[in-house]
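Single-letter residue listing:
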Amino acid sequence: KKLSPTHIAVAWDTSEPSFRHRVFKDYKATRKPMPEDLVVQVPVVHRIIEAYHFAEFAVPGYEADDVVATIVSCLPEDAEVLIISRDKDLRQILRPNVAIYDTRTAKLYTEEDFRAEYGFPPKLLPDYLALVGDASDNIPGVSGIGKKTAISLIQRFGGLESLYERAQEIEGRYRRKLLEAKERVFAMRDLVRVRTDVPLDFDPDKARLRPPDVPTL
């Protein structure tokens, strides 16, 4: 009610493995299955969303964050977008009119917040994650490269291409580890990048808010 949105779209994961699982068999291998008491709530949530007539999207082979990123990429640059998610991977698509709302912390996270936290633009988040790793998705980083070092490297060199082109400028112990892991680093960056080319038929008019089915609710 405070935000008065004109459009709402809901993105879902599917039960099928994503393309990331095919590329990297250990992707999310350490994730615990969804708790049973949450599993039984999913059909109820689906019925509520249907009753509100919210547009829903799910594409086999892709994750919900890929769907969200694709929808955002379809919108005009000046469209004001609020993403409601706790998935930090989506921070890579932050831009001046795109923000993320964390339901657990009840905080809004913007591009300015990201730059203040990391010191580099959101689009370089995949490069950073490829260096430091991401335990939640079982993404391996470069041995000996922690968060502070990874942030410093991205701030100094920008993306991975520039970092490796100027590898001789990096301190010996880090340079050796980076060169040894080069192939894997680039592969992991591709893995953690959200896709903006998911094959979906997104029509903004179908996501426009409509009166809910009150009797069902």
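Provided above is the structure to which this section pertains.
Overview of the structure.

## Here's the deal with the nonpolar core
Consideration 1: Among the nonpolar cores identified, the biggest contains 44 residues, and Ile83, Tyr128 and Leu131 are the most heavily contacted of them.
Consideration 2: Beyond its immediate chain neighbours, meaning those up to four positions away, Ile83 contacts Val68, Val72, Leu90, Ile93, Val98, Ala99, Ile100 and Tyr101.

## Overview of the pairing of strand S4 (residues 98-102)
Consideration 1: When you tally the buried positions in S4, you get 4 out of 5 residues, the bulk of the element.
Consideration 2: Looking at chain direction, strand S3 (residues 81-84) and S4 are connected through 4 bridges and run parallel. Looking across to S4, one finds that Ile83 is bridged to Ile100.
Consideration 3: Bridge analysis of S4 against strand S5 (residues 107-109) gives 3 bridges, and the strand direction is antiparallel. Following the sheet pairing, Ile100 is matched in S5 by Tyr109.

## Focus on the sheet that holds S4
Consideration 1: The 3 strands are arranged S3-S4-S5 in an open sheet whose pairing can be described as mixed. Of all strands in the sheet, those bounded by a partner on one side alone are S3 and S5. On average, each strand axis in the sheet is tilted by 30 degrees relative to the strand beside it, whichever way the strands run.

## A short note on the pattern of salt bridges
When charged atoms on two side chains of opposite charge get close, those side chains can pair.
Consideration 1: Summed over the entire model, instances satisfying the criterion amount to 16 salt bridges.
Consideration 2: In this structure, the salt-bridge partner of Asp137 is Arg31, at a minimum N-O distance of 2.8 Å. Of the two residues, Asp137 is situated in the loop between helix H6 (125-132) and helix H7 (147-157) and Arg31 in the loop between helix H1 (19-23) and helix H2 (36-39); the sequence distance between them amounts to 106 residues.
Consideration 3: By relative accessible area, which is 3% here, Asp137 ends up buried.

## Concerning the side chain of Asp134
Consideration 1: Mapped onto the elements, Asp134 comes out in the loop between H6 and H7.
Consideration 2: No salt bridge forms around the buried Asp134; measuring N to O, its nearest opposite-charge neighbour Arg31 is 6.6 Å away.
Consideration 3: Among residues more than four places away in sequence, those in contact with Asp134 are Asp89, Leu129 and Ile139.

## A short note on the packing of aromatic side chains
Two numbers describe a pair of aromatic rings. These are the distance of the centres and the angle of the planes.
Consideration 1: A full pass over the atoms with the stated rule returns 9 aromatic pairs.
Consideration 2: Here Tyr118 and Tyr128 contribute two aromatic rings whose centre-to-centre distance is 5.4 Å and whose plane-to-plane angle is 65 degrees, an arrangement assigned as edge-to-face. On the criterion of sequence distance, the pair formed by Tyr118 in helix H5 (residues 111-118) and Tyr128 in helix H6 is long-range, its members being 10 residues apart. Take Tyr118 and Tyr128: they sit in the same class, and that class is buried.
Consideration 3: Note on Phe120 and Tyr128: the rings are 6.0 Å apart at their centroids and 45 degrees apart in plane angle, and the pair reads as tilted.

Calculation rules
Residues numbered from 1 in each chain as written. Predicted model: local features only at pLDDT ≥ 70, side-chain atom pairs only at ≥ 80, totals over all residues. Heavy atoms only, no water. Core = buried A, V, L, I, M, F, W, Y, C linked by side-chain atoms within 4.5 Å. Buried < 20%, exposed > 50% of the residue type's maximum accessible area, 1.4 Å probe, protein only. Contact = heavy atoms within 4.5 Å. Helix = DSSP H or I, 4+ residues; strand = E, 2+ residues; numbered from the N terminus. Pairing = 2+ DSSP bridges. Axes fitted to C-alpha atoms, helices over the stretch in contact; angles between N-to-C directions. Salt bridge = Lys/Arg side-chain N within 4 Å of Asp/Glu carboxyl O. Lys, Arg positive; Asp, Glu negative; His and termini not counted. Phe/Tyr/Trp six-rings, centres within 6.5 Å; stacked < 30°, edge-to-face > 60°.

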